[in-house]
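# Per-entry structural report
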Amino acid sequence: MEWEAVIGLEIHAQLATKSKIFSGASTAFGAEPNTQACAVDLALPGTLPVFNAEALRMAVLFGLAIDAEIGYTSVFDRKNYFYPDLPKGYQTSQLFHPIVGTGHVDIELEDGTTKRVGVTRAHLEEDAGKSLHEEFPSMTGIDLNRAGTPLLEIVSEPDMRSAEEAVAYVKKIHSIVTNLGICDGNMSQGSFRCDCNVSVRYKGEEKFGNRTETKNINSFRFIEKAIKGEIERQIDLLEDGGTITQETRLYDANKDETRSMRSKEEANDYRYFPCPDLLPIVIDDEYVEKLRSTLPELPDARKARFIEQYQLSEYDAMVLSAYRDLSHYFETTANIAADAKLAANWVMGELSKHLNQNDTEITASPVSAEMLGGLLLRIKDNTITGKIAKQVFEAMWAGEGSADEVIEAKGLKQVTDTGAIEAMVDEVIAANKPQVDQYVSAEPDKRGKMIGFFMGKVMQASQGKANPGQVQGLLKQKLDALANS
Amino acid sequence: MSLDRSDVEKIAHLARLNIAGQDIQEYAENLSSILDLVDQMQAINTDDIAPMAHPMDAIQRLRIDEVTEGNQRDHLQTVAPAVEAGLFQVPKVIE
């Protein structure tokens, strides 16, 4: 019998508001502990929450982006549990009437097909503070700066069947929330976190197996590894005659394994009830339609446009359309160079490589889209070869100026003067007698490959600056003349 | 509907309330009579009435997204039993 994994995800996206969901304290990341926690966040007696209009706008915008039902009346509920980083003793959340109902996103699979993944709901809630267990021997330190940061919890249907599908879904949601500008998407700072519900069953079976929930995984790569490991662990356990306990697990990136955190038996009793401190949130069509008109171009639409407008391949269009800043960079470069394919290759190749290696955001790239466009123009008009262009890119990255400045300063202009190239070709032919003899005595259909040796020598002699097309043409002409004489 | 000792113990545990053993019986009786009152209300037909989320017939007022609260740490931490390095200190919650 073949096993099948069933995966559902809960994504917590911190909304990019300036202030908290129910108080006027700042949500900025990285402040000194407890300097952004006011009386409301600390749950001091007598304080009352007041809901942030911007958190509402962002949640509704997300609902519209995933074609979801919008909750025209939504209600905050209390989810009761005790933990020191939750000062009220309950988390204000939405259980019964969430702001966003059923919606969906389409994900691209490796075989080029797309799959629709259902979104069950998305609701507003508040983030908890942070507990620091390591710093002190017998006490736990509590930082409540994060307490009350608005979260949108996005709950998927159990529609995914592999770790790869799960990651494709997370990436799609990530690109939607960042494109909408409602979340900065920073996973290492915890702005975008993912809990993975995983179970396995025999293929073809209707009933779900017992599931585990792996909490707070903070990178795409770890999500894939954690799910893969958890699927394997469950299958091994079941094949050895064991059973899966419904429990919360923690992913340990250092060991690349999940381990049990707590069993759900008691923790599950959250005793939800409507929060009496907050009134129902009511919105109308006018509000929703006004927001709909502000929806920016979303990745799926942009991907389709890139294929149509620039004749990009599916894959290139998918990569380049995923993020607003990346898309903008690509389009600017492509328009300057008047060559979308060349721009796509350079943005996804040389530029992405440098950004990754230096852990740099595209908006902070030392080589701007305008600069890269300028470089591609010089490839197009044969001023430089593609190989030299990489050298120019390095220099631009190092801050040595524009493409034209670098080409001028380093004397990298391509040699197109036929006389000069011919001299180099003659020199190479004269200096490599044995190879010329081989060429002459070879069958005509084998000669094409053999020309590569001479190409290499001439390009080397010209320090990469000779026009490869011209070199090739001249070599062929001269060598064939020798062969036929 | 009536609650027994174990129900009261469970509720007390969930609410992190420390109840003296000799008081449990009294709590069980008092809570049961509250539930009896709820039972009595269940008899009323509410089929045509939408459940209310709040007893007041009003909707939530919204706040403009502005930072209005600055750093009040020193002031707010004067009421904390234990503070170190700007952090509130609580008994260790994990082993």
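Computed from a predicted structure; not experimentally measured.

## So, the overall build of chain B
Looking only at helices and strands, one finds three helices and three strands in chain B. Taken from the N to the C terminus, the helices and strands of chain B come in the order α-α-β-α-β-β. Its C-alpha atoms give chain B a radius of gyration of 22 Å, clearly above 12 Å, the size a compact globule of 95 residues would have. Seen along its three principal axes, the alpha-carbon backbone of chain B occupies a region of about 55 × 45 × 25 Å. Counting only residues that meet the buried cut, chain B has 6% of its 95 residues in that class.

## So, the interface of chain A and chain B
If you look at the interface, chain A gives 42 residues, while chain B gives 30 residues. Elements represented by at least two residues in the side of chain A that touches chain B include exactly strand E2 (51-52), helix H1 (53-65), strand E8 (130-132), strand E9 (139-143) and strand E16 (281-282) of chain A. Examining the composition of the side of chain A that touches chain B, we find that five residues originate from one element, E9(A), more than from any other. Considered class by class, the residues forming the side of chain A that touches chain B number 23 nonpolar, 13 polar and six charged.

## Brief notes about the sheet that holds strand E4 (residues 77-80) of chain A
Taken together, three strands build an open sheet; the order of strands is E5-E4-E15 (chain A) and the sheet is antiparallel. In the strand order of this sheet, the two ends are held by strand E5 (90-93) and strand E15 (273-274) of chain A, each with one partner.

## Points about the nonpolar core
For soluble globular proteins, the rule of thumb is that nonpolar side chains tend to be buried together. Residues and elements named next belong to chain A. Residues Ala59, Phe62, Ala166, Tyr169 and Cys196 are the most contacted members of the largest nonpolar core, which totals 74 residues. For this core, the element with the highest residue contribution is helix H2 (residues 163-180), accounting for ten residues. Apart from residues lying up to four places away in sequence, Ala59 is in contact with Ile99, Val100, Ala122, Leu124 and Leu152. Core analysis: the second largest hydrophobic core is formed by 35 residues, Leu326, Phe393, Met396 and Leu412 among them.

Quick notes on the rules
Residues numbered from 1 in each chain as written. Chains lettered and ligands numbered in written order. Predicted model: local features only at pLDDT ≥ 70, side-chain atom pairs only at ≥ 80, totals over all residues. Helix = DSSP H or I, 4+ residues; strand = E, 2+ residues; numbered from the N terminus. Rg over C-alpha atoms; globule rule 2.2 N^0.38 Å. Buried ≥ 20, exposed ≤ 12 C-beta atoms within 10 Å, placed from the backbone. Contact = placed C-beta atoms within 7 Å. Nonpolar A, V, L, I, M, F, W, Y, C, P; charged D, E, K, R; others polar. Pairing = 2+ DSSP bridges. Core = buried A, V, L, I, M, F, W, Y, C linked by C-beta atoms within 7 Å.

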